[in-house]
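The primary structure of each chain is shown beneath.
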Amino acid sequence: MLIIWGIITIIPLYWMIIGSFQDSYADASMKISMWPEVWSFEPFSRFFDKTMAWRWLLNSLIVSSILTITNVFFASLAGYAFAKLHFPGRKTIFWILLMTMMIPTQVTLIPLYILVIDVFNLKDSYMGLILPSIVSVGNIFLMKQYMSTLPTSLIHAARIDACSEFGIFYKIILPMAKPGLSVLAIFSFVFHWNDFFWPLLVTESEAMRTIQVGLAGFKFADTTDFGAIMAGATVASLPMIVLFFALQRYFLQGITIGAVKG
């Protein structure tokens, strides 16, 4: 059953890659075979020549990198506070944050759009793309669960040695939390690289589009260049494919992170 499901899952990815190397005639007629008779790089050439693909890739890289850094920084700070510090209202604040995860994104989308576009006037800007996703409650929960597994005795020992709270966090917690931080960074980068709906709402000019939004808008009035679209989809997927194979053990570790104590 797993083999059959794996084949079904891989077929669209395989079809995308093969379609990106088809010759022009096959692209225009959509007679894409499982193995091209003629291999061609023309779809990639058309995609980069007719679009601002390099700018889209740069935008996606900038937004994904900044949001990965901010999520790792703020989520680790909040996770440490909720897991190891005792302050009034800690559980109440944490449960309120968790309750916000139960609210569908579609419910808050319109108020968030009005706030970012009309109130802050951040339409078609990097800040408009970045600000709403600086840190997510899901990442805070992930780091809280992971840091709850770290030994508290080391924190007490550091306090006895007059180490400040930020010093404890920087010198003790962060080195021990590197596996969890790596998983958080990878998952954040992948999520924001593939994000489509919010960049679609915020951006207007072609120069501010991310690769996912730009690829979705790549069409012509009288026809659709399926070969170039396949090539663009392959280019957009390539960083994630390389990232997965290079760091697959962290992807697998992310499935069970924080699930087991001790």
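Here, the structure is the one placed above.
Quick look at the structure, then. Keep in mind that what you see is a predicted model, and the values were worked out from it rather than measured. (Residues numbered from 1 in each chain as written. Predicted model: local features only at pLDDT ≥ 70, side-chain atom pairs only at ≥ 80, totals over all residues. Heavy atoms only, no water.)

## Some details on empty space enclosed by the protein
As enumerated under the stated definition, the model contains one cavity of 30 Å³ or more in all. In this structure, the largest cavity is lined by Val63, Leu67, Leu129, Ser133, His192, Asp195, Trp198, Pro199 and Thr210. At the level of elements, helix H4 (53-84) and helix H12 (197-202) are the ones that each hand at least two residues to the lining of the largest cavity. Partitioning the lining of the largest cavity into residue classes produces five nonpolar, three polar and one charged. (1 Å grid on protein atoms, 1.4 Å probe; cavity = no way out; pocket = protein on both sides within 12 Å on 5 of 7 lines; lining within 4 Å. Points joined across faces, edges and corners; volume = space filled by probe spheres on them. Helix = DSSP H or I, 4+ residues; strand = E, 2+ residues; numbered from the N terminus. Nonpolar A, V, L, I, M, F, W, Y, C, P; charged D, E, K, R; others polar.)

## Considering the layout of surface pockets
Estimates place the volume of the largest pocket at around 930 Å³. In terms of lining residues, the largest pocket is bounded by 21 residues, among which Thr105, Pro132, Ser133, Ser136 and Phe191 are the most central. Looking at the lining of the largest pocket residue by residue, the class counts come to eleven nonpolar, nine polar and one charged. By volume, the second largest pocket amounts to about 200 Å³. In terms of lining, the second largest pocket is formed by Gly6, Thr9, Ile10 and Leu13. Of the residues belonging to the lining of the second largest pocket, the class tally is two nonpolar, two polar and no charged.

## Here's the deal with the pattern of salt bridges
For the structure shown, the criterion picks out three salt bridges. The shortest N-O distance in the salt bridge between arginine 159 and glutamate 165 comes to 2.9 Å. (Salt bridge = Lys/Arg side-chain N within 4 Å of Asp/Glu carboxyl O.)

## Focus on the packing of helix H11 (residues 178-194) against helix H14 (residues 226-246)
Relative orientation of the contacting elements H11 and H14 amounts to 170°, with a least axis distance of 11 Å. Between H11 and H14, the interaxial angle falls into the category roughly antiparallel. With respect to the hand of their crossing, H11 and H14 are arranged in left-handed fashion. Residues Ile186, Phe189, Val190, Trp193 and Asn194 of H11 form the contact with H14, whose own contacting residues are Ala236, Pro239, Met240 and Leu243. A per-class count over the contact of H11 with H14 returns eight nonpolar, one polar and no charged. (Axes fitted to C-alpha atoms, helices over the stretch in contact; angles between N-to-C directions. Parallel < 35°, antiparallel > 145°, perpendicular 65-115°, else oblique. Left-handed = near helix turned anticlockwise from the far one by under 90°. Contact = heavy atoms within 4.5 Å.)

## Regarding helix H8 (residues 137-147)
Of the positions making up H8, those classed as buried are Asn139, Ile140, Leu142, Met143, Lys144, Tyr146 and Met147. Check the buried side of H8 and you find it contacts H4, helix H5 (90-101), helix H10 (165-176) and H11. (Buried < 20%, exposed > 50% of the residue type's maximum accessible area, 1.4 Å probe, protein only.)

## Topic: H14
The first and last C-alpha atoms of H14 sit 30 Å apart over 21 residues, in line with the 30 Å expected at 1.5 Å per residue. A maximum bend of about 35° is found in H14 at serine 237, where proline proline 239 lies one to four positions downstream. Along H14, the residues that are buried comprise Gly227, Ala228, Met230, Ala231, Gly232, Ala233, Thr234, Val235, Ala236 and Met240. (Expected span 1.5 Å × (residues − 1). Bend = angle between axes of the 7 residues up to and from the residue.)

## Re unusual backbone geometry
Although it is not a glycine, asparagine 121 adopts a positive phi angle of roughly 55°. Classification of asparagine 121 by relative accessible area gives exposed; the value is 61%. Phi angles above zero are rare outside glycine, and aspartate 124 is one such case at about 60°. Locating aspartate 124 in the fold gives a position in the loop between helix H6 (105-119) and helix H7 (126-130). Owing to a relative accessible area of 23%, aspartate 124 belongs among the partly exposed residues under this scheme.

## So, the packing of aromatic side chains
Taken as a whole and assessed by the stated rule, the structure comprises 16 aromatic pairs. Geometrically, the ring pair formed by phenylalanine 73 and phenylalanine 74 is edge-to-face, given 5.2 Å between the ring centres and 75° between the ring planes. Where phenylalanine 82 meets phenylalanine 94, the ring centres are 5.3 Å apart and the plane angle is 55°; that geometry is what we call tilted. Remark: phenylalanine 94 occurs in helix H5 and phenylalanine 82 occurs in helix H4; sequence separation between them is twelve residues. An aromatic cluster is defined as three or more aromatic residues linked by ring pairs; in this entry it consists of Phe82, Phe87, Phe94, Trp95 and Phe141. (Phe/Tyr/Trp six-rings, centres within 6.5 Å; stacked < 30°, edge-to-face > 60°.)

## Points about a nonpolar patch on the surface
Together, Ile110, Ile114, Leu115, Val119 and Phe120 line one region of the surface with nonpolar side chains, adding up to about 470 Å² of accessible area. For isoleucine 114, the location among the structural elements is in helix H6. (Patch = residues over 30% accessible without salt bridge, like charges linked within 9 Å, V, L, I, M, F, W, Y side chains within 5 Å. Areas by Shrake-Rupley, 256 points an atom, 1.4 Å probe, with all protein chains shown as cover.)

## Some words on the packing of H4 against H11
How two helices pack is summed up by the angle between their axes together with the distance between the axes. With their axes 8 Å apart at the nearest point, H4 and H11 run at an angle of 145° to one another. When you trace H4 past H11, the crossing you get is right-handed. Of the residues in H11, those in contact with Leu57, Ser60, Leu61, Ser64, Ser65, Leu67, Thr68, Asn71, Val72, Ala75 and Ser76 of H4 are Leu181, Leu184, Ala185, Ser188, Phe189, His192 and Trp193. Here the contact of H4 with H11 is composed, by residue class, of ten nonpolar, eight polar and no charged.

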